[in-house]
Amino acid sequence: MDKRLRKTEYFFVFIVFIVFVIVAGKYFDFRITDLHIWNAIASNLEELKLKKEFDTFYINVDDGNMSTSEYAETISVLVYHGLPNTAQSEPDVSKETFKNHLFALKKSGYETITLKELAAFLKGNSKLPPKSFLITFDDGIKTSYYNADPILKILNYNAVMFVVSGFSLDENSSYYLNGDEIKEMVSTGRWEIQSHGYTGHHRIEINNEGSTMPFYANKSWLEKYNRLETDEEFYQRILFDISKSRDQLGSFLSEEINAFAIPFNDFGQYETNYENASNILKGLWDQFFELVFFQFRPVAGYDFRSNYVDVDNNGAYLVMRISIDINTDTKSLVDQINASQSKKLPYYDSFLNKFNWILLWGELEQITGEGLKIKSPEGSNSVLIYLDGSYLWQNYIFKVVADKTSGRNLSLLARYNNSKEFVACEFENDDVSISVTLKGEKNKIATKKYAQNSLNNTALAIKVYGDIIHCEVDDLEVISAKSLIPEKGGVGLKFWDPEENNVDVFIKSTSIYSYDGILEENFDDSRELLKKQIIPPS
């Protein structure tokens, strides 16, 4: 009975509305075919619907041990591509999923910032609230604007669109935004427009067999001359694409274009046939841009998901982004951002957020609430993982308890900056060693014989304070040394065995807490030895 009454009420309201439109049309110059009016009505209705959905939206996530600092210590940046109503391909995210992503972030206390605010933060010139983040879109796809903007509006969020200027301004595409749409976006005050190249968003042929690789990171095959580009030809091609896009967008919008998103996320660190490509690209970016964006994928020198203050940077800032695609559900998105936030000490891992530990190589599986299962993959003999959000730590104790250990060497890493900068306590069955890796060069600075029947259920620890490293087994110090080491950095674990497929470890617990050690004078001082690249005898 109630449902029939409700239908009758809806029908009555609809009839009244139609009568009102007809009467209004007689007395006012009102045309029901006016698309602007109908678009405005539709927009208002959608806004009301989104606000109601947001009010009832709920998500339960684990914040972990995020820093309680008054200001942000790190900034996360997200990158989306297309936002079709239904996502079909990997780079895209559906409109509904995007809405849930942003609703979850807003409910979790995250607020967006602008490019200007990001640049000031990276330079150390600005303090931003905790949980500040930036939303970016690549390619300038129409669905990115039309499906994102209503959601940005009700949440009071803003975003950056990196457009391929040749596709948007030189062509009349049904897929890419055109000039009028770009100006409309800017007029909302919610969007910034920056460069994603001129037409260099494609793969190029790199040999006479038709093999292709990314435009920016490779020399092009010149079929007419049956050869690759020269160094100068490569430079001029890249220079034209970068400068053309910057100048074209700047002139069209009468604004400065100072940010660039790298097409295919490749500046010579992945797919390249030219070893100097990375240096040339970085030189051009320093010349033309303040901020250069690329996606997170662990690689030497760029190992953490979020971005930290770097007052010593002299060129364009390389900004790390978390890539969002069709496989990213709402909880995974929030967990990734939470994992990337600067963590406070003491830190005890509850193993609830699978994104806290980053796998550089090997196999990693988190058993929710229990621990980490670590294995060397087929054909490999080592694994390396490290803790996101730990980059700013300085003086601390990192303690691990392992179980079911298989593998000859278990190393606890401290002051981890990247895979080429860290210190380690290396535990084997018959000795404990301290090693320092700087600029990719490993030096074992101290070793002590220490017979251990097994590493199973044994508490292993590394302490760092100033330039001193301590190694412990079951809370007893085994060896200590002084050395030139990074001033700050996070924690990690590395496992190695001379035989392939033989690393199999379960980590039962990890804990890190501040260490206010007292400097002592009786440590082996290896700093001068490291300067001379001499390895002391064990």
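Analysis parameters
- Residues numbered from 1 in each chain as written.
- Predicted model: local features only at pLDDT ≥ 70, side-chain atom pairs only at ≥ 80, totals over all residues.
- Heavy atoms only, no water.
- Helix = DSSP H or I, 4+ residues; strand = E, 2+ residues; numbered from the N terminus.
- Buried < 20%, exposed > 50% of the residue type's maximum accessible area, 1.4 Å probe, protein only.
- Contact = heavy atoms within 4.5 Å.
- Areas by Shrake-Rupley, 256 points an atom, 1.4 Å probe, with all protein chains shown as cover.
- Core = buried A, V, L, I, M, F, W, Y, C linked by side-chain atoms within 4.5 Å.
- Patch = residues over 30% accessible without salt bridge, like charges linked within 9 Å, V, L, I, M, F, W, Y side chains within 5 Å.
- Salt bridge = Lys/Arg side-chain N within 4 Å of Asp/Glu carboxyl O.
- Pairing = 2+ DSSP bridges.
- Axes fitted to C-alpha atoms, helices over the stretch in contact; angles between N-to-C directions.
- Parallel < 35°, antiparallel > 145°, perpendicular 65-115°, else oblique.
- Left-handed = near helix turned anticlockwise from the far one by under 90°.
- Phe/Tyr/Trp six-rings, centres within 6.5 Å; stacked < 30°, edge-to-face > 60°.
- Lys NZ or Arg CZ within 6 Å of the ring centre and 35° of its normal.
- pLDDT = per-residue confidence, 0-100.
- Expected span 1.5 Å × (residues − 1).
- Polar contact = N/O pair within 3.5 Å; in protein donor to acceptor, adjacent residues only side chain to side chain.

Draft legend 1. Quick look at the overall build of the protein chain. Check the secondary structure of the protein chain and you find eleven helices and 28 strands. In the protein chain, which comprises 538 residues, the share counted as buried stands at 52%. Considering only intrachain contacts with a sequence separation of at least 6, the fraction spanning at least 24 residues in the protein chain is 70%. Accessible surface, the protein chain: about 25900 Å² in total, of which carbon and sulfur atoms supply 49%.

Draft legend 2. Quick look at the nonpolar core. Among the nonpolar cores identified, the biggest contains 78 residues, and Tyr80, Phe137 and Trp285 are the most heavily contacted of them. Core analysis: the next-biggest nonpolar cluster, separate from the first, contains 42 residues, Tyr347, Leu387, Cys471 and Val505 among them.

Draft legend 3. The arrangement of a nonpolar patch on the surface in detail. Together, Ile41, Leu45 and Leu48 give the surface a local cluster of nonpolar side chains, amounting to about 290 Å² of exposed area. Looking at the element boundaries, Leu45 is found in helix α2 (residues 35-55).

Draft legend 4. The pattern of salt bridges, seen in detail. Scanning the model with the defined rule gives 22 salt bridges in all. Here Asp138 and Arg321 are joined by a salt bridge, their closest N and O atoms 2.8 Å apart. On the criterion of sequence distance, the pair formed by Asp138 in strand β3 (residues 132-139) and Arg321 in strand β12 (residues 317-323) is long-range, its members being 183 residues apart. Note that Glu472 is salt-bridged to Lys463, the shortest N-O span being 2.7 Å. Here Glu472 falls in the buried class, since its relative accessible area comes to 6%. A relative accessible area of 13% places Lys463 in the buried class. What you see here is one network of salt bridges that share partners, running through Lys49, Glu53, Glu96 and Lys99.

Draft legend 5. Just the sheet that holds strand β20 (residues 421-427), in detail. Pairing is antiparallel in the open sheet, where seven strands are placed in the order β14-β17-β26-β19-β20-β21-β22. What marks the edges here is a single partner per strand, and that holds for β14 (357-361) and β22 (441-449). In this sheet, neighbouring strand axes are inclined to one another by 20° on average, regardless of whether the strands run parallel or antiparallel. Note that strand β19 (residues 409-418) and β20 share six bridges and pair antiparallel. Within β20, the position partnered with Ser411 by the bridge is Glu426.

Draft legend 6. The packing of helix α5 (residues 142-155) against helix α7 (residues 179-187), seen in detail. Put simply, α5 and α7 touch, their axes get as near as 11 Å, and they point 30° apart. For the element pair α5 / α7, the angle class is roughly parallel. Both α5 and α7 take part in a crossing whose hand is left-handed. Along its contact with α5, which presents Lys142, Tyr145 and Tyr146, the element α7 presents Glu181, Glu184 and Met185.

Draft legend 7. Molecular detail of the packing of aromatic side chains. Taken as a whole, this structure holds 32 aromatic pairs when the rule is applied. When the ring of Phe267 is compared with that of Phe294, the centres are 5.5 Å apart and the planes differ by 85°; the resulting orientation is edge-to-face. Taken as a pair, Phe267 in the loop between β10 (259-261) and α9 (277-288) and Phe294 in strand β11 (residues 291-295) lie far apart in primary sequence, 27 residues in all. Between the aromatic rings of Trp393 and Tyr396, the centroid separation amounts to 5.8 Å while the plane-to-plane angle is 65°, which identifies the pairing as edge-to-face. Across the pair, exposure class does not vary: Trp393 and Tyr396 are buried alike. Against the face of Phe252 rests Lys183, its NZ or CZ located 4.5 Å from the ring centre. Sitting over the ring of Tyr198, Lys244 keeps its end group 5.6 Å from the ring centre.

Draft legend 8. Broad picture of the environment of His81. In this structure, His81 sits in the loop between β1 (76-80) and α3 (95-107). The residues touching His81, leaving out its near neighbours within four places in the chain, are Pro91, Asp92, Phe137, Asp138, Asp139, Ile141, Ser144 and Gln295.

Draft legend 9. The pairing of β19, seen in detail. Of all the ten residues making up β19, ten are buried; the element is thus mostly covered by neighbouring parts of the structure. Relative to strand β26 (residues 490-496), β19 runs antiparallel, the two being bridged by six bridges. Across the sheet, Leu412 pairs through a bridge with Leu493, a residue of β26.

Draft legend 10. Looking closely at the confidence of the model for the protein chain. Put simply, the protein chain has an average pLDDT of 87, and 86% of its residues get 70 or more. Of the regions scoring below 50 in pLDDT, residues 519-538 engages in 37 contacts with residues more than four places distant in sequence or in other chains.

Draft legend 11. Examining helix α8 (residues 231-253) more closely. In this model, α8 (23 residues) spans 33 Å end to end at C-alpha, consistent with the 33 Å of a helix rising 1.5 Å per residue. The complete set of buried residues in α8 reads Phe234, Arg237, Ile238, Leu239, Asp241, Ile242, Ser243, Ser245, Gln248, Leu249, Gly250 and Leu253. Residues of α8 that are buried make contact with β4 (159-163), α6 (165-169), α7, β5 (191-195), β6 (203-205) and α9. Where α8 terminates, the next one or two residues include Ser254, which has phi positive at roughly 55°.

Draft legend 12. Quick look at helix α10 (residues 330-340). Among the eleven residues in α10, ten count as buried, and that is most of the element. Of the positions making up α10, those classed as buried are Thr330, Ser332, Leu333, Val334, Asp335, Gln336, Ile337, Asn338, Ala339 and Ser340. Where the residues of α10 are buried, they touch β1, α3 and β12. Its side-chain oxygen 3.3 Å from the backbone nitrogen of Lys331, Asp329 forms the N-cap of α10.

Draft legend 13. Spatial organisation of unusual backbone geometry. Leu345 connects to Pro346 through a cis peptide bond whose omega is 0°. Turning to its location among the elements, Pro346 is positioned in the loop between α10 and β13 (347-348). Positive phi is not limited to glycine here, since Lys131 has a value of about 65°. One can find Lys131 in the loop between α4 (115-122) and β3. Taking relative accessible area as the criterion, Lys131 reaches 17% and is therefore assigned buried. With a phi angle near 95°, Asp139 is a residue other than glycine that sits in the positive phi range. Topologically, Asp139 is positioned in strand β3.

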